[in-house]
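Architecture and fold: a report
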Amino acid sequence: MVYIKQLAEYEGKEVTLKGWVANRRDSKGLVFINLRDGSGLCQCVADESKIIADEFDQAGKLSLESAVEITGNVVKDERQIGGFEIQVTALKTIHIAEEFPIAKKEHGIEFLMDQRHLWLRSQRQWAILRIRNTIIYSIHNFFQKEGFVQMDAPIFTGNACEGTSNLFETDFYGDPAYLSQSGQLYGEAMAMAFGKIYTFGPTFRAEKSKTRRHLSEFWMIEPEMAFYDIHQNMDLIEGFLQFVIKEVLDKCQAELKLIDRDTSVLETSLKKFPRLTYDDAVAIIKGEKDVNGQNSIKSLENELADVEAKIATTIAEIADREVKIAVPGMKKGEINFNQTKIAALKNELKDLEESQRNIPQWIESAKNFRYGNDLGGSDETVITRLFDVPVMVYDWPHEVKAFYLKRNPDNTRFARGVDVLAPEGYGEIVGGGERETDEKKLREKIIEHDLPMADFEWYLDLRKYGSVPHAGFGLGLERLVTWLCKLKHVRESIPFPRMYGRLLP
RNA sequence: UCCUUGAUAGCUCAGCUGGUUAGAGCGAGUGACUGUUAAUCACUAGGUCCCUGGUUCGAGCCCAGGUCAGGGAGCCA
């Protein structure tokens, strides 16, 4: 058995493929089958004069997503997807599919999410999840080559780690247990044993968030390094992200093209990441400091103006096409074309109107930003749109950050946390920092955060036996996939997303 | 939890100021035609207008409450 992606090795030879019918068109004496086998797509042509009559009949009856075994000769044909075509010599039906719910037309997101188990078969989803696979593989490659040890943190936890987000509570032999929202504290323990480690596992947050960047269950990579300070941590983050980006650019050209990803920002992201302090970031958000001659508030205002102009032209184009198709005498094909075009424009219009409602809120929030607060989603968006490369923001007011972060020794009002904000408006993809090493200071912080001290005794032990400077970070896999693929929403970056209101399929 | 937008055929949507029998495209079925790329053309079938209550001579449309979904805020990766 041969896979479609190997066809180049079999030019001129006869092969047998097994797969599913992605599309089928009939002609007199000919049946065209777009075969999908998981590795790629390939057109197979069944010619009535060249195969036995029963098999030709079967070919004509194949419904969308029917399973089939096809034998035929591999012919080079530049016009085809993948560059090859199969001239069928034999065909065996494995299963005739019932009417496939996902048509070749546009669908709404709710319907597609209900059909997620089938939606995965469509080309775009296939490409995105293959890129996800490449990202996962290159994450392991990077850390393994850098001498990190992969270590798993537990998923059931008894304590509330950071005590900030809402946790999923489960029953653990009669006691409450929580699904892990971070493996970080365990990562620190493992780093003290192995030097450099990384965890890679699922993470659960019971936040009732309905936004484009939240999932209830997501995968997080959390490296932790003994003897690293915040600056070495930032060096590592930069090298790591650039390695992954480069791997995706090298290995996923076809997939990136399929999803229509303009890769220019991925390429510019291979240059140095700017490192801003919180103070710098606030000045930029409030419009007090320009970046490359761009002002955050002004650029938002310009964008709003652009959106409004685009709404006007879109409405005009819709009206124009509606007038055109209303004139009698237009061919049906042309009417169809215009109608799909109108539908697409109307969808675009909805998005634009959404922006029109949101941008003024963002402008307000940026103008009124209060020094000392954490950055909100819109603030991140405001900053990252000014850069064509990820930005690192470090040294945050200690009140807004987790209890375990070390203070900047030169100015103790800042905690040595670092967030990486992805460009193109994607916002936070990495959060991390240098950890507090002093037991007494940690105890104070735990009390300040009103956390149960007893649950942290094991963690505090780490500061009793050879406490050393150490640092680490957490990367949200889905947010990285979402950015690299330039998706509108994280829900397409994972095979079966779990989010507020979504547990099936 | 708050703000905001929406729910009409299997799917995507239209339905004007409340007015007789609710429409289109896609998909499905039947047939015609063609090396086709979401093919094309003709015909056929397909509806609890989200739910409950209200206003009205009359409600898909107006009002109230609810359910579900999209987008955003908070929170976060």
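Above: the structure in question.
Below you will find a few notes about this structure. (Residues numbered from 1 in each chain as written. Chains lettered and ligands numbered in written order. Predicted model: local features only at pLDDT ≥ 70, side-chain atom pairs only at ≥ 80, totals over all residues. Heavy atoms only, no water.)

**Some thoughts on the overall build of chain A**
As a reminder, the rule being used: Numbering goes from the N terminus for both helices and strands, where a helix is a DSSP run of H or I of at least four residues and a strand is a run of E of at least two. Relative accessibility decides the category of a residue: with a 1.4 Å probe and only protein chains considered, values under 20% of the type maximum give buried, values over 50% give exposed, and everything between is partly exposed. It only takes one pair of heavy atoms within 4.5 Å for two residues to be counted as in contact. Neither His nor the chain termini are counted; the positive set is Lys and Arg, and the negative set is Asp and Glu. For charged residues, the charge sits on one atom: NZ in Lys, CZ in Arg, CG in Asp, CD in Glu.
What chain A contains, in helices and strands, is 15 helices and 17 strands. Overall size of chain A, expressed as C-alpha extent along the three principal axes, is 85 × 55 × 45 Å. Expressed as a percentage of the 505 residues in chain A, the buried residues total 49%. If you take every contact in chain A between residues at least 6 apart in sequence, the share linking residues at least 24 apart comes to 68%. Here chain A contributes 66 positively and 79 negatively charged side chains, and the mean placements of these two sets differ by 3 Å.

**Details of the sheet that holds strand 4 (residues 67-76)**
The following threshold applies: Only when DSSP finds a minimum of two bridges between them are two strands counted as paired. With axes taken as lines fitted to C-alpha atoms, and helix axes fitted only over the stretch in contact, angles between N-to-C directions fall between 0 and 180 degrees.
Within the closed barrel, the 5 strands sit side by side as 1-2-3-5-4. Their pairing is mixed. Adjacent strand axes in the sheet meet at a mean angle of 50° when their direction is disregarded. Relative to strand 4, strand 1 (residues 14-27) runs antiparallel, the two being bridged by 7 bridges. Its bridge partner being in strand 4, Thr 16 is matched across the sheet by Thr 71. Against the sheet, helix 1 (residues 53-61) makes contact with strand 1, strand 2 (30-36), strand 3 (41-47) and strand 5 (84-95), and its axis sits at roughly 85° relative to strand 5, the strand it touches most.

**Some remarks on the nonpolar core**
For the record, the criterion: The nonpolar core is taken to be a set of buried Ala, Val, Leu, Ile, Met, Phe, Trp, Tyr and Cys residues, with the residues joined through side-chain atoms within 4.5 Å.
By size, the foremost hydrophobic cluster in this structure holds 79 residues, and its most contacted members are Ile 135, Ile 139, Phe 143 and Trp 483. In terms of residues, this core owes the most to one element, helix 6 (residues 230-251), which gives 11 residues. Counting 23 residues, the second-largest nonpolar core is a separate cluster that includes Leu 35, Val 68, Ile 70 and Ile 86.

**Quick notes on the sheet that holds strand 8 (residues 169-172)**
Pairing within the open sheet is antiparallel, and its 3 strands lie in the order 7-9-8. For this open sheet the edge positions go to strand 7 (156-157) and strand 8, each flanked by a neighbour on one side alone. Sheet topology places strand 7 next to strand 9 (residues 175-179); 2 bridges connect them, and they run antiparallel. Its bridge partner lying in strand 9, Phe 156 is registered against Leu 179.

**So, the pairing of strand 1**
Note that strand 1 and strand 2 share 7 bridges and pair antiparallel. Each bridged residue has a counterpart across the sheet, and for Ser 27 the counterpart in strand 2 is Leu 30. Linking strand 1 back to strand 2 in an antiparallel pair, the connection comprises 2 residues, with Gly 29 at a positive phi of about 80°.

**Observations regarding the packing of aromatic side chains**
So the rule is basically this: Think of it this way: a Phe, Tyr or Trp ring, Trp meaning its six-membered ring, pairs with another when their centres are within 6.5 Å, and the plane angle makes it stacked under 30 degrees, edge-to-face over 60, tilted otherwise. By definition here, charges over rings are those cases where NZ of Lys or CZ of Arg is within 6 Å of the ring centre and within 35 degrees of the ring normal.
On inspection of all chains with the given rule, the structure shows 17 aromatic pairs. Ring centres of Tyr 278 and Tyr 371 lie 5.3 Å apart, and the angle between their planes is 65°; this geometry places the pair in the edge-to-face category. Taken together, the positions of Tyr 278 in helix 9 (residues 278-285) and Tyr 371 in the loop between helix 11 (332-367) and helix 12 (377-384) put the pair 93 residues apart, joining distant regions of the chain. Taking the relative accessible area as the measure of exposure, Tyr 278 reaches 0% and is therefore buried. You can call Tyr 371 partly exposed: its relative accessible area is 38%. Taken together, the aromatic side chains of Phe 142, Phe 143, Phe 148, Tyr 198, Phe 240, Phe 243 and Phe 473 make up a single cluster linked through ring pairs. If you follow Arg 413 out to its NZ or CZ, it ends over the ring of Phe 414, 5.6 Å from the centre.

**Thoughts on the side chain of Thr 157**
Relative to the elements of secondary structure, Thr 157 occurs in strand 7. Note on Thr 157: relative accessible area 7%, which makes it buried. Not counting the four nearest positions on each side in its chain, Thr 157 is found in contact with Ala 177, Tyr 178, Ser 180 and Tyr 186.

**Brief notes about helix 12**
In terms of burial, helix 12 is a largely internal element, 7 of the 8 residues being buried. For helix 12, the set of buried residues is Ser 378, Asp 379, Glu 380, Thr 381, Val 382, Ile 383 and Thr 384.

**What about the state of the cysteines?**
Applied cut-off: In this description, the term disulfide denotes a pair of cysteine sulfurs within 2.5 Å.
With the rule as written, the count across this model stands at 0 disulfides. Free of any disulfide, Cys 42 has its nearest neighbouring cysteine sulfur in Cys 44, separated by 4.6 Å. By relative accessible area, which is 0% here, Cys 44 ends up buried.

**Here's the deal with the pairing of strand 8**
The sheet contact formed by strand 8 and strand 9 spans 4 bridges and is antiparallel. Looking at the pairing, Asp 171 lines up with Pro 176 of strand 9.

**A short note on the pattern of salt bridges**
Note the threshold: The salt bridge definition used is simple: a Lys or Arg side-chain nitrogen within 4 Å of an Asp or Glu carboxyl oxygen.
Under the criterion given, the structure shown has 28 salt bridges. Of the charged contacts in the structure, one is a salt bridge between Asp 388 and Lys 271, with a shortest N-O distance of 3.3 Å. In this pair, Asp 388 is assigned in the loop between helix 12 and strand 13 (391-397) and Lys 271 in the loop between helix 8 (264-268) and strand 12 (275-277), connecting sequence segments 117 residues apart. Taken together, the shared-partner salt bridges connect Glu 188, Glu 224, Arg 435 and Arg 463 into one network.

**Things to note about unusual backbone geometry**
Backbone phi values are negative for most residues with the exception of glycine, while trans is the configuration of most peptide bonds. One non-glycine residue with positive phi stands out, namely Glu 65, at about 75°. The topology assignment puts Glu 65 in the loop between helix 1 and strand 4. Take Glu 65: its relative accessible area is 9%, and that puts it in the buried class. Located in the positive-phi region is Phe 227, a residue other than glycine, with phi close to 65°. In this structure Phe 227 comes out as exposed when scored by relative accessible area, which is 59%.

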